[in-house]
Structure formats: structure tokens, C-alpha cells
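Each chain, written out:
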Amino acid sequence: DHHRPVLGLVMETEVWFNLIHACAERSVPLHLVNARLSEKSYRGYARLGRVAAQGLNELKLIAAQNATDAERFRALGARNVKVTGSVKFDMTPSDVLIARGLEWRASIGSERPVFVAASTRDGEELLLLDVPLFLSTCGSTCVFYLVTQKELYGGWMPAVKRLPMMMAIGIG
């Protein structure tokens, strides 16, 4: 109540019925964008019956990645579903972004290998940060980008400091 949002966006599979209901009670339109729903998750929500339908219909919009996901949401009783595609895969980078990418690539050296670990989950970073294994795979001149799904985990930060290569860490 303190911040008084005017719009809410939740991504992909973040169906939190308490949040959805709280937003509806406060007249905050909440959209589920880039929405996807696996068969397994569909079966789980289907067991909730009308509770799932009521919660999904409190969303202003469900913007599904594809027709299969949209149909699963509709089968649960959602009425406000549109297929919009994937924000990760259904876009074409602009000429400006391509030019920036080429500039970045030239700045690090076009011969240097680049290793990107994106959307990692708990524990996967530790596997990637096994220095001898990493160096045998990528080499000591490799540029390594780690983009996690969650906030930085204090448990693996000491391992990052041991890496003998240029490194950038981002939060995904």
C-alpha cells in the first residue's frame, strides 16, 4: 500500500494467487507476460478447479508465449488470454544493437572465446566456477559472463575472485 503501483507485470510462470488477488483488491492491473504453462504445471493448477480460474481471471491479461500455453490457461478457465510470442526469442535486434554488439566484440578481441552462462539457478554457478574444468574448456583468455536468475549468492563469490580471466557478472 505504501508505493501505490499503477501497473504490475509478472513474468513467465510467476502465478502467485495471493499477489494477484492483492493487486485486484487495490485496483492494480496485473499482467502475466511472456506466460508459459507446462503440462505438469497445468495438471497441478487443474486440481485447484475454480480457485485457479478465479485467480487467473483476476489478471488483467495473460500474454502467452504460444498457442499451446494459451490453450492450457484457457482450459483452466482463464478468459483474458492472448498469444503474443516470446520476448526472449521472437524479436529481431535493431541495427543499433547489432552495431553495439560488434563494437563490444571488437573491443575484447574477435579471436577470444566468449562463454555466457545465462539464467542459471542455485548451485549451477558452482559447477561453472570449477576453475580447472573451466580453463580446460574455455581457456585462460576466455571472456566469461554469468547472468543469474536470482540475486548474487554469497556462497560462490570467493570462487569468482579466483578466476584468472576477465569477468562480468550480471543479475538476470
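The preceding data block contains the structure.
Residues numbered from 1 in each chain as written. Predicted model: local features only at pLDDT ≥ 70, side-chain atom pairs only at ≥ 80, totals over all residues. Heavy atoms only, no water.

A. Expanded view of the overall build of the protein chain. Along the backbone of the protein chain there are eight helices and seven strands. The burial tally for the protein chain puts 31% of its 172 residues in the buried class. Sequence separation of at least 24 residues holds for 52% of the intrachain contacts in the protein chain that already meet a minimum separation of 6. When the accessible surface of the protein chain is summed, it comes to about 11200 Å², and 58% of that surface belongs to carbon and sulfur atoms. (Helix = DSSP H or I, 4+ residues; strand = E, 2+ residues; numbered from the N terminus. Buried < 20%, exposed > 50% of the residue type's maximum accessible area, 1.4 Å probe, protein only. Contact = heavy atoms within 4.5 Å. Areas by Shrake-Rupley, 256 points an atom, 1.4 Å probe, with all protein chains shown as cover.)

B. Representation of the side chain of Asn34 in the model. For Asn34, the location among the structural elements is in strand 2 (residues 30-35). Engagement of the side chain of Asn34 in a polar contact is seen with the side chain of Glu12, the distance being 2.9 Å. Of the polar contacts made by the side chain of Asn34, one reaches the backbone nitrogen of Val87; its length is 2.7 Å. Here Asn34 is in contact with Met11, Glu12, Ala63, Gln65, Gly85, Ser86, Val87 and Lys88, once residues within four sequence places are set aside. (Polar contact = N/O pair within 3.5 Å; in protein donor to acceptor, adjacent residues only side chain to side chain.)

C. Layout of the environment of Leu76. With respect to the helices and strands, Leu76 occurs in the loop between helix 4 (67-75) and strand 4 (81-83). Owing to a relative accessible area of 8%, Leu76 belongs among the buried residues under this scheme. Leu76 has contacts with Leu37, Tyr42, Tyr45, Ala46, Ala52, Ala53 and Leu56, leaving out every residue within four places of it along the chain.

D. Representation of the nonpolar core. Ranked by internal contacts, the top residues of the largest apolar core, which has 20 residues, are Leu32, Leu56, Leu59, Ile62, Phe73 and Val81. Among the elements that make up this core, the one with the highest residue count is strand 2 (three residues). If we ignore the near neighbours within four places in the chain, the residues touching Leu32 are Val10, Met11, Glu12, Glu14, Val15, Leu59, Leu61, Ile62, Ala63 and Phe73. (Core = buried A, V, L, I, M, F, W, Y, C linked by side-chain atoms within 4.5 Å.)

Geometric descriptors of this kind do not, in isolation, establish any biological role.
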